[in-house]
Amino acid sequence: MIGLPLVYVLAGLMFTAFAAMSAGDKANPKRWGNAAFWGLFALSFLFGDRFGDLGNGFLVVALALLAGTGRLGVGQPATTTGEERAEMAQRFGLKLFLPALLIPVIVLAGTFAFKALTWNGQHVVDPKQATLVSLAIAAVVAAILAQRLFKQPASAPLQEGRRLMDLVGWAALLPQMLAALGAVFALAGVGQTIGDITLAITPIDSRLAVVVAYCLGMAIFTVMMGNAFAAFPVMTAGIGLPLVIGRFGGDPAVVCAIGMLSGFCGTLLTPLAANFNLVPAALLQLSNRYAVIQAQAPTAVLMLLINMVLMYVLAFR
Amino acid sequence: MLPLIGVGVIVLGFALRFNPLLVVVCAAMASGLAAGLGPLEVLAAFGKAFNQNRYVSIVWVILPAIGVLERSGLQERARTAVRAMKAATAGRILVVYLLARQLTAALGLISIAGHAQTVRPLVAPMAEAAAENQGDLDDATRDKVKAMSAGTDNVGVFFGEDVFMAIGSILLIVGFLDQNGLVVEPLHLSVWAIPTAICAFLVHGARLLLFDRKLSRRRTKA
């Protein structure tokens, strides 16, 4: 069955190539740092399951030290100039959108098809991983198609991939690191502690107060944990179920649906939701790391208030 | 109380703009030690979770495709398309993207777009080109247009996906309520995500149009 392990091999090979190309990039004074960083990441994808927990722990520390001591530079692979790009944009026209649009089409088709596709009664692709497998296939197909269609050198996909990867830099690893931090926080009982504190300071004598406390608690907890999924069980067990639903008779479907969405307002505000908030800032080369959060903040705050109103109005009909 | 020290490390580390990877490792160590684990135990727990969460970083395999397209002029082509449309403004383009992202997310189609797949190669350059039509762009405003493009993608996904009843967060709620003896249909939960979804479109859409007015006012000043 094709599943995540094969996708990890693909990612591992890609990062191995990034590491090798970085090592040979004399235009980057920090080339060995880049080579080591992407090389270690490649090792994690290729052999992570064989390193053991402690081995992986040391690998993560090595990655963090490389990034934290400023060993990462930005590689300068040869690419096309602005004029060349403008000329090709004119020459290739709408064809340029074809590979870009093919990516979502393949992801979509694959996600549905792989769930149904069986051979001798067995799934060919792990149905739980259908989306990620489809994404990997789409990535490979689109890269090859674009390279052929626009007559780019054979090295272009990997060199251009490395160029973008270096722009993102250490931020590329942050979402995975934060997911791991969440696991350690869970082990240390951080969530439970925050839940207990919130419960202790929540006024329980009015319907409005518990609604506000629940929505605000979801948002604040999410800001601190980086993830509404971590906040939801703690806050709902602490305030949502016993007070909003139990004591004041709120409709569970309304309370939980809007409670979760209040958590999402927190996600828009926190650097800990790195894949949504910090990675795009790196990807778009913004000078302020927190620019995306700042752009979202007014929407997030207004939506939190609106969620409180909606819950108050809709949950107690 | 003591394990909360990790949260403090995160807040302080991020606020002082230390390298986030180092901050995260330190936060894990601080909370783990405070909870009575040994340093190697914390390191092993962290390493294990890092290895289990590798799928989070799979999204980067898309970069070679996006890179070749950029090299071949995709961003320039997207800009040209916008310049040809007289009615195109940065705000209007982003409102259309917001609506499209919310509607597709409501159908469960989350991974068809995103920061690497659509925002960097298409949406941000289009919004930028439209903003250039609206008036001269200084670097700070250019960054704001780009940041707004990324933010619009996030708002669209977050306030669209819960309308789809088989999405992770809805299933989490169903499972949680079931454990607590309450039976709620996924459909009911997703229906009650609709009012928030509509409000999010109105609120963020209005902000985008206000942003547009600010961009256009720059030209009348100049």
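An unreviewed UniProt entry annotates chain B as DUF969 domain-containing protein originating from Caulobacter radicis.

### Regarding the overall build of chain A
Tallying secondary structure elements over chain A gives 15 helices and 2 strands in all. A principal-axis box enclosing the C-alpha atoms of chain A has dimensions of 70 × 50 × 45 Å. Classification of the 317 residues of chain A by burial places 54% in the buried group. For chain A, long-range pairs separated by at least 24 residues make up 72% of all intrachain contacts whose partners lie at least 6 apart in sequence.

### Here we look at the domain arrangement of chain A
Residues and elements named next belong to chain A. The assigned domain composition of chain A is domain 1 (1-173) and domain 2 (189-314). Computed over C-alpha atoms, the centres of domain 1 and domain 2 are 33 Å apart. The residue inventory of the side of domain 1 that touches domain 2, partitioned by class, reads 3 nonpolar, 1 polar and no charged.

### Let's talk about the interface of chain A and chain B
The partner chain B presents 97 residues to the 114 residues of chain A that form the contact. Partitioning the side of chain A that touches chain B into residue classes produces 87 nonpolar, 22 polar and 5 charged.

### Notes on the packing of helix α11 (residues 228-247) of chain A against helix α12 (residues 252-267) of chain A
Residue and element names in this part refer to chain A. Running from N to C, α11 and α12 point in directions that differ by 140°, and their axes come no closer than 10 Å. Viewed along their axes, α11 and α12 adopt a mutual orientation that is oblique. Along this stretch, α11 crosses α12, giving a crossing that reads as right-handed. Between α11 and α12, the residues in contact are Ala-228, Ala-231, Phe-232, Thr-236, Gly-240, Val-244 and Ile-245 and Pro-252, Val-255, Cys-256, Gly-259, Met-260, Gly-263, Phe-264, Gly-266 and Thr-267, respectively.

### Considerations on the UniProt feature "transmembrane region" (unreviewed entry) in chain B
Residue and element names in this part refer to chain B. Those residues carrying the UniProt feature "transmembrane region" (unreviewed entry) are residues 50-69, 155-177 and 189-210 in this numbering. This span, residues 50-69, is 50% helix and 0% strand, and a straight line between its end C-alpha atoms measures 32 Å. Helix makes up 74% of residues 155-177 and strand makes up 0%, while its end C-alpha atoms are separated by 26 Å.

### Quick word on helix α3 (residues 39-52) of chain B
Counted at 1.5 Å a residue, the expected span for α3(B) with its 14 residues is 20 Å, and the 20 Å between its end C-alpha atoms agrees. When we look at burial in α3(B), the residues that qualify are Val42(B), Leu43(B), Ala45(B), Phe46(B), Gly47(B), Ala49(B), Phe50(B) and Asn51(B).

### Some words on helix α9 (residues 168-179) of chain B
Compared with the 16 Å implied by 1.5 Å per residue over 12 residues, the 17 Å span of α9(B) between its first and last C-alpha is a close match. All of the buried residues along α9(B) are Ser169(B), Ile170(B), Ile173(B), Val174(B) and Leu177(B). The arc enclosing the buried residues of α9(B), seen along the axis, measures out at 140°, which places them on a common side. Across α9(B) from its buried face, at more than 90 degrees, point the exposed residues Gly168(B), Gly175(B), Asp178(B) and Gln179(B). Those residues of α9(B) hidden inside the fold are in contact with α11 and α12 of chain A together with α10 (186-191) of chain B. Trailing α9(B) by a residue or two, Gly181(B) shows a phi angle of about 75°, which is positive.

### Quick look at unusual backbone geometry
Residue and element names in this part refer to chain A. Positive phi is not limited to glycine here, since Asn-120 has a value of about 55°. Accessibility expressed as a C-beta count within 10 Å gives 5 for Asn-120, which makes it exposed. Even without a glycine there, the phi angle at Lys-151 is positive, about 50°. Looking at the secondary structure, you find Lys-151 in the loop between α6 (130-149) and α7 (156-168).

Calculation rules
Residues numbered from 1 in each chain as written. Chains lettered and ligands numbered in written order. Predicted model: local features only at pLDDT ≥ 70, side-chain atom pairs only at ≥ 80, totals over all residues. Helix = DSSP H or I, 4+ residues; strand = E, 2+ residues; numbered from the N terminus. Buried ≥ 20, exposed ≤ 12 C-beta atoms within 10 Å, placed from the backbone. Contact = placed C-beta atoms within 7 Å. Domains from an automatic or database assignment. Nonpolar A, V, L, I, M, F, W, Y, C, P; charged D, E, K, R; others polar. Axes fitted to C-alpha atoms, helices over the stretch in contact; angles between N-to-C directions. Parallel < 35°, antiparallel > 145°, perpendicular 65-115°, else oblique. Left-handed = near helix turned anticlockwise from the far one by under 90°. UniProt positions renumbered as here; feature names shortened; annotations may be inferred. Expected span 1.5 Å × (residues − 1). Arc of directions from axis to C-beta.

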